[in-house]
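# Report on the structure
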Amino acid sequence: MADPRLILHHFDESPFSEKIRLIFGLKKLAWSSVRISRIMPRPDLMPLTGGYRRTPVLQIGADIYCDTQCIMRELERRFPEPSLVPSGYQGLAWAAAMWTDRVFFQNTVNLVFGSLADKVPAAFIADREQLRGAKFDIAAMEAAIPQMRDQFRSHLEWIDIQLRDERPWIAGDAPSLCDVDAYMNVWYARTNLDNAADLLGEYDHARCWAARLHAIGHGERSEMSSSEALAIAKAATPQTEELPDLEDPNGRKVGDKVEVMPDDYGKVRVGGEIVALSAQHIAIRRHDPLAGEVVVHFPRAGFLVFAA
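A brief look at the structure comes next. Computed from a prediction, not measured in an experiment: that's the story for all the values here.

### Observations regarding the pattern of salt bridges
Tallying each qualifying case throughout the model produces 26 salt bridges. The partner of Arg102 in a salt bridge is Asp263, and the shortest N-O contact between them spans 2.8 Å. You can see Arg102 sitting in helix α4 (residues 90-116) and its partner Asp263 sitting in the loop between β6 (257-262) and β7 (270-277), a full 161 residues away along the chain. Residue Arg102 is classed as partly exposed on the basis of its relative accessible area of 27%. For Asp263, a relative accessible area of 30% translates into the label partly exposed. When salt bridges that share partners are traced, they join Arg54, Asp67, Arg102, Asp263 and Asp264 into one network.

Okay, here's the thing in structure tokens:
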């Protein structure tokens, strides 16, 4: 049985979740919001993901999509119009996230939390240290604020330069994944920093571009409890079809037992049996007493796959 509802497990302050909320707005989609806590535990979500704990997670019935790259690809597949992959920029549109989600985001995180300093709760710090597997050093972030301002300015200027020919969007006449990815960091800074207007002040094109994206909104949002979402998964049947990758360089095949985890932080291995495989995507079937049978989807770029 299929349940076609789009269910986003997220918290409102999450910059990565803002990407997906913006895509809902761009594609004018209705979706159900399951608000999760900013820190662990998340007892109704872990049975769905197998332990994967980064935010957000998209649920469609008993198919669970982890990481914004994977979520964006699935939304584009299911709802191709308006396309967020501009003609002539197909590869770059997907690759943009490797810049925005890693180097640009890490710079923005350091700037935000260094500026918030002693306002950051101890429980949040402890949770992020567990997530990262390293010290979440607020004092070091605070000391690095001058350098982080410099770095943020450099990233922001790249956006502004791209818009100086008066195009409305980074890759042309329509908003695309390039805009969604880059906007996340500007949104995060503006949401958290009192001096964000000063940081954006010299870049009129980037500032107006961000205002255009903000005005798009988040589509049609309704609220759902985490227990209801878990029950939906347990009552549903995964809809992912088997898809082999005959060119897989490591000889992986449908039915193999593997573990998948991010390569940078949140290094929790999620185990299961391969259902679908490609250069950009891996889906694994797993069983949980609370969630039933689910298929969990991951991107390949930025994730590691191990034989189980």
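### A few points about the sheet that holds β7
Sheet architecture is open: ten strands sit in the order β5-β2-β1-β3-β4-β9-β8-β7-β6-β10, paired in mixed fashion. Each edge of the open sheet carries a strand with a single partner, namely β5 (220-223) and β10 (303-307). Pairs of neighbouring strands in the sheet enclose a mean axial angle of 35°, with direction left out of account. Pairing of β6 with β7, which is carried by four bridges, proceeds in the antiparallel orientation. Opposite Glu259, over in β7, you have Gly271 as the bridge partner. Contacts between helix α1 (residues 15-26) and the sheet are confined to β1 (7-10), β2 (30-35), β3 (57-60) and β5, with β1 contributing the most and set at about 155° to the helix.

### Some thoughts on empty space enclosed by the protein
Evaluation of the coordinates by the stated rule reveals two cavities of 30 Å³ or more. Roughly 290 Å³ of internal volume is contained in the largest cavity. Forming the boundary of the largest cavity are 19 residues, of which Phe11, Phe105, Arg128, Leu131 and Tyr265 lie nearest the centre. Among the elements of the structure, α1, α4 and α5 (122-132) are those that each provide at least two residues to the lining of the largest cavity. Ranked by the residues each element gives to the lining of the largest cavity, the list is headed by α5, at four residues. Forming the boundary of the second largest cavity are 16 residues, of which Phe16, Arg54, Asp67, Thr68 and Asp101 lie nearest the centre. Only α3 (68-78) and α4 provide two or more residues apiece to the lining of the second largest cavity. Sorting elements by how many residues they give to the lining of the second largest cavity places α4 first, with three residues. Among the residues making up the lining of the second largest cavity, the classes are represented as seven nonpolar, four polar and five charged.

### Comments concerning the packing of aromatic side chains
Per the stated rule, a full pass over the model turns up 13 aromatic pairs. Measuring from ring centre to ring centre gives 5.8 Å for Phe104 and Phe152, while their planes differ by 55°; the resulting arrangement is tilted. Of the two residues, Phe104 sits in helix α4 while Phe152 sits in helix α7 (residues 145-163), which places them 48 residues apart along the sequence. Judged by its relative accessible area of 0%, Phe104 is buried. Taking the centre distance of 6.2 Å and the plane angle of 70° together, the rings of Phe124 and Phe136 count as edge-to-face. In this pair, Phe124 is assigned in helix α5 and Phe136 in the loop between α5 and α6 (138-143), connecting sequence segments twelve residues apart.

### What about the layout of surface pockets?
What the largest pocket holds in volume is close to 500 Å³. Forming the boundary of the largest pocket are 25 residues, of which Arg73, Glu74, Arg77, His281 and His297 lie nearest the centre. Those elements that provide at least two residues to the lining of the largest pocket are β4 (63-66), α3, α4 and β9 (292-299). Tallying contributions element by element places α3 first for the lining of the largest pocket, with seven residues. By residue class, the composition of the lining of the largest pocket is nine nonpolar, seven polar and nine charged. Taken as a whole, the second largest pocket holds about 280 Å³ of empty space. Surrounding the second largest pocket, Tyr89, Leu92, Ala95, Ala96, Trp99, Trp158, Ile159, Ile161, Gln162, Ile170, Ala171 and Cys178 form its lining. Going through the elements one at a time, α4 and α7 are the ones with two or more residues in the lining of the second largest pocket. Counted by class, the lining of the second largest pocket contains eleven nonpolar, one polar and no charged residues.

### Digging into the state of the cysteines
Inspection of the entire model under this criterion finds zero disulfides. There is no disulfide at Cys70, and the cysteine sulfur nearest it, in Cys66, is 7.2 Å away. Between Cys208, a cysteine without a disulfide, and Cys178, which holds the nearest cysteine sulfur, the sulfur-to-sulfur distance is 20 Å. Cys208 sits in the partly exposed class, given a relative accessible area of 41%.

Thresholds, definitions, all that
Residues numbered from 1 in each chain as written. Predicted model: local features only at pLDDT ≥ 70, side-chain atom pairs only at ≥ 80, totals over all residues. Heavy atoms only, no water. Salt bridge = Lys/Arg side-chain N within 4 Å of Asp/Glu carboxyl O. Helix = DSSP H or I, 4+ residues; strand = E, 2+ residues; numbered from the N terminus. Buried < 20%, exposed > 50% of the residue type's maximum accessible area, 1.4 Å probe, protein only. Pairing = 2+ DSSP bridges. Axes fitted to C-alpha atoms, helices over the stretch in contact; angles between N-to-C directions. Contact = heavy atoms within 4.5 Å. 1 Å grid on protein atoms, 1.4 Å probe; cavity = no way out; pocket = protein on both sides within 12 Å on 5 of 7 lines; lining within 4 Å. Points joined across faces, edges and corners; volume = space filled by probe spheres on them. Nonpolar A, V, L, I, M, F, W, Y, C, P; charged D, E, K, R; others polar. Phe/Tyr/Trp six-rings, centres within 6.5 Å; stacked < 30°, edge-to-face > 60°. Disulfide = S-S within 2.5 Å.

So, to be careful, I would describe these as geometric facts and stop short of saying anything about function.
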